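Residue-level listing of the chains:
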Amino acid sequence: MAATPEDSATAVPRAPRRKASRHRGEGQWAAGHFTPLNGNEQFKKDDDGLNVRTRIETIYSKRGFDSIDPNDLRGRMRWWGLYTQRKPGIDGGKTAILEPEELDDEYFMLRVRIDGGRLTTDQLRVIGEISQEFARGTADITDRQNIQYHWIRIEDMPEIWRRLEGVGLSTTEACGDTPRVILGSPVAGIAEDEIIDGTPAVDEIQRRIVGNPAFSNLPRKFKSAISGSPLLDVAHEINDIAFVGVVHPDLGPGFDLWVGGGLSTNPKIGQRLGAWVPLEDVADVYEGVISIFRDYGYRRLRTRARLKFLVADWGVAKFRQVLEDEYLLRKLADGPAPDQPVQRWRDHVGVHRQQDGRFYVGFAPRVGRVDGTVLTKIADLAAAHGSGRLRTTVEQKMIVLDVTEDQVESLVEGLESLDLTARPSTFRRGTMACTGIEFCKLAIVETKARGASLIDELERRIPDFDEPITININGCPNACARIQVADIGLKGQLVLDDDGNQVEGFQVHLGGALGLEAGFGRKVRGLKVTSAELPDYVERVLKRFQAEREDDER
Ligand code: SF4
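Residues numbered from 1 in each chain as written. Predicted model: local features only at pLDDT ≥ 70, side-chain atom pairs only at ≥ 80, totals over all residues.

K.L.:
So, helix α9 (residues 307-314): which residues are in play, and what are the values?
P.N.:
Taken together, the buried positions of α9 are Leu307, Lys308, Phe309, Leu310 and Val311. Taken together, the buried residues of α9 touch β7 (222-227), β9 (252-259), β10 (271-277), α8 (282-296) and α10 (316-328). Looking one or two residues past α9, Gly315 carries a phi angle of roughly 85 degrees, positive in sign. (Buried ≥ 20, exposed ≤ 12 C-beta atoms within 10 Å, placed from the backbone. Helix = DSSP H or I, 4+ residues; strand = E, 2+ residues; numbered from the N terminus. Contact = placed C-beta atoms within 7 Å.)

Listed below in structure tokens is the structure:
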């Protein structure tokens, strides 16, 4: 059975045990509230999510989908990257009406975590082969540097794990109330302008925390990001914890610590604790913060469980004090804020020189959609033109590293032949879409195909538009494609068309951003468009922006 709160081992000091107050409060373990206050807390207490792996391998993969315990099916499977996918043909109007089991298909979405976005050609070939053999060719690059499959059968999971783990990949805690994938700068260790390479910290956190039962029952997901790039290229503002490269005037290069960012319910930009963390201390500080989340995080309501709610209630001064006094048992140095990035695009698309004189080439599929065959061909191209290293980005893009100058154009042409361009239009470069109704049980509208056709339409209609612009498309009110921080954020919902019929459409958010002036887009009251009207609407907005913009207006 699960490690209980009382017997979980951890390398950092635990919060002092307090006598449980009679008021059930927010369900914080550190306040003595260990009685589960909702179904999710109950199934996590009943058995650690990590333990479902054994049942999948010994029971479910042999006896099939119908043998799966419901608490495993819709709960613990996530600890190993598995979600049931949406039964085909159920329209968005039924999403909120049907019971979860009525939406469940007997196939799964499977997420492969790629910490730091680092891949080798051997790993990419295996990912491509699994896609072709077990996932009907599906493979999407997500905006958290992962790869996501669909159409996975439970019977195939032992073989899929054998192949992934054979090349050092994993699905451990790719979903669930766990330490999710650690985002890393896609150009860590190679960019000419790098402040500091965070790769050793990504590796240490992965080794120490991921799959460790001491951290496998968190109040909610825990998202993290580490980048030493001045481009601030990991969307650090919207992670539960982020380490951002800075140069301390006395202590040198290190990281500025941010906590409490997150989108979805009550979106919040992360807050700086004002602390400077040297590379060798990043894993300790990460462990301290995730321990605070485990011990003090709110477990009563899932809608208030993310770390951002605790940070908002405590404030940064108390959060830092608890981190230092109860967990690290030492003070952190004060440090500077990161500089604003000098450019708007943070995706590393295009051809760029590396520290060692070679080049990296970033390229753009449409809205992250590739497939197993294409991934295998990308692996072949990367092996022929580079050293075998690739990266994924948080904008659903990919990068081939270590290309000598004489190989660059041949690689770019090879990518173009796969419809993967290193010189994309503004629209292909800046548009992202979540999974949407094709596979997601929470979706109300179609997103991936809609995003791809929107790119094609805008390229045809406004070929001269060259201002960086982000268009993010969600299939429901959640925030998987980060709609709140896009120039144009599109939140899927049912809307009325001119004849009064309910059809697929979007609530529009305008003017959000990360980086230069991070903030949330404004929801324009009543501004909704049908999916069919979407290209017309975006074209109107952008042409008006072109015509009326002031100097330097974004
Ligand atoms: Fe599914 Fe909604 Fe997330 Fe899109 S935003 S992947 S529809 S939960």
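K.L.:
So what's going on with the sheet that holds β9? Residues and values would help.
P.N.:
The pairing of strands in a sheet happens through backbone hydrogen bonds and is either parallel or antiparallel. Taken together, 6 strands build an open sheet; the order of strands is β6-β7-β8-β9-β10-β11 and the sheet is mixed. Unpaired on one side and paired on the other, β6 (179-184) and β11 (333-334) mark the two borders of the sheet. Bridge analysis of β10 against β11 gives 2 bridges, and the strand direction is antiparallel. Residue pairing in the sheet places Ala275 in a bridge with Asp334 of β11. (Pairing = 2+ DSSP bridges.)

K.L.:
Tell me about unusual backbone geometry, and name the residues and values.
P.N.:
Backbone geometry at Gln145 places phi at a positive 65 degrees, although glycine is not the residue there. By the secondary structure assignment, Gln145 is in the loop between β4 (138-141) and β5 (147-152). A positive phi is found at Trp151, a non-glycine position, where the angle reads about 65 degrees. On the secondary structure map, Trp151 appears in strand β5. On the basis of neighbour count, Trp151 is assigned to the partly exposed category, with 18 C-beta atoms found within 10 Å.

K.L.:
So what about the site of the ligand? Which residues, and what values?
P.N.:
With respect to spatial proximity, the complete set of residues near the ligand consists of Cys434, Thr435, Gly436, Cys440, Leu442, Ala443, Asn474, Gly475, Cys476, Asn478 and Cys480. Classifying every residue of the shell around the ligand by side-chain character gives 6 nonpolar, 5 polar and no charged. (Near = placed C-beta within 6 Å. Nonpolar A, V, L, I, M, F, W, Y, C, P; charged D, E, K, R; others polar.)

K.L.:
Explain the sheet that holds β4 residue by residue, including any values.
P.N.:
An order of β1-β2-β5-β4-β14 is seen for the 5 strands of this open sheet, with the pairing classed as antiparallel. The sheet is open, and its two borders are formed by β1 (82-86) and β14 (369-371), each paired with just one other strand. Within the sheet, the average angular offset between the axes of one strand and its neighbour, ignoring direction, is 35 degrees. Contacts between helix α11 (residues 372-385) and the sheet are confined to β4 and β14, with β14 contributing the most and set at about 80 degrees to the helix. (Axes fitted to C-alpha atoms, helices over the stretch in contact; angles between N-to-C directions.)

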